[in-house]
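# Structural overview
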Amino acid sequence: MNKLSNILKPLSILPALCMMCLIFSFSGQTSKESANLSGGISYKVVSFVNTLTGNTWEETDVELYAKKWENPIRKLAHVTEYFVLALTVSLPLYTYGIRNKYLFLLTILICVCFAASDEYHQSFVAGRGPSVKDVGIDSIGVLLETFVLWCWLKITKNQKNFLNAISC
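Residues numbered from 1 in each chain as written. Predicted model: local features only at pLDDT ≥ 70, side-chain atom pairs only at ≥ 80, totals over all residues. Heavy atoms only, no water.

### Regarding the pattern of salt bridges
- Inspection of the entire model under this criterion finds one salt bridge.
- One salt bridge in this structure joins K75 and D134, with 2.8 Å as the shortest N-O distance. Of this pair, K75 sits in helix α4 (residues 59-95) while D134 sits in helix α6 (residues 132-166), and the two are 59 residues apart along the sequence.
- When its relative accessible area of 10% is taken as the criterion, D134 is described as buried. (Salt bridge = Lys/Arg side-chain N within 4 Å of Asp/Glu carboxyl O. Helix = DSSP H or I, 4+ residues; strand = E, 2+ residues; numbered from the N terminus. Buried < 20%, exposed > 50% of the residue type's maximum accessible area, 1.4 Å probe, protein only.)

### Re unusual backbone geometry
- Backbone geometry at N100 places phi at a positive 55°, although glycine is not the residue there.
- By secondary structure assignment, the location of N100 is in helix α5 (residues 100-122).
- The exposure class assigned to N100 is exposed, which follows from its relative accessible area of 59%.

### Things to note about helix α3 (residues 31-53)
- The end-to-end C-alpha separation of α3 is 32 Å, in line with the 33 Å expected for 23 residues at 1.5 Å each.
- Of all the positions in α3, only S34, S38, S42, V46 and N50 are classed as buried.
- Where α3 is buried, its residues contact α4.
- After α3 finishes, the residue G54 shows a positive phi value of roughly 80°. (Expected span 1.5 Å × (residues − 1). Contact = heavy atoms within 4.5 Å.)

### Overview of the nonpolar core
- Counting residues in hydrophobic clusters, the biggest one holds 18 residues, and the most contacted among them are I23, Y82, L85, V89, L103, C111 and F114.
- Those elements that provide at least two residues to this core are α2 (14-27), α4, α5 and α6.
- Ignoring any residue separated from it by four or fewer positions in sequence, one finds I23 in contact with E81, Y82, L85, F114 and D118. (Core = buried A, V, L, I, M, F, W, Y, C linked by side-chain atoms within 4.5 Å.)

### A look at the side chain of T88
- Along the chain, T88 falls in helix α4.
- T88 gets classed as buried once you look at its relative accessible area, which sits at 12%.
- Polar side-chain contacts of T88 include one of 2.8 Å to the backbone oxygen of L85. (Polar contact = N/O pair within 3.5 Å; in protein donor to acceptor, adjacent residues only side chain to side chain.)

As structure tokens, this is what we get:
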């Protein structure tokens, strides 16, 4: 088992690298490509809400709501991307034995530095530019993930302590 663990351990970094590549590819889209993607997603979300709630909005209403909600949906996508990135970064750090505050601090540092470098990358893409605000929004996703992970580790540690106490 230990031999297999040593072989698989380095592979724990792959999800983080895949997530970084995905984010990097989204940032490499021109402003027109990015707007088309987020506009299409917003339209699908609004159409789904229309169907789910039993509304009978006209096509023009769906398009109007999609346009209105495009920016918040886009920012929520940033938060979600970086939540997943932080999760995939935490995994190999934890696997390699980084614990406690160092796990959280290193996860935050890696992800926020990646967010900043990603914004810099956007400065070379047609119609796009870097935004400190976007780094802040990305950081919300990172901080949210570290908080959820901290809570999960606290709960599981308390459960383990509880189970050890009652098994005596």
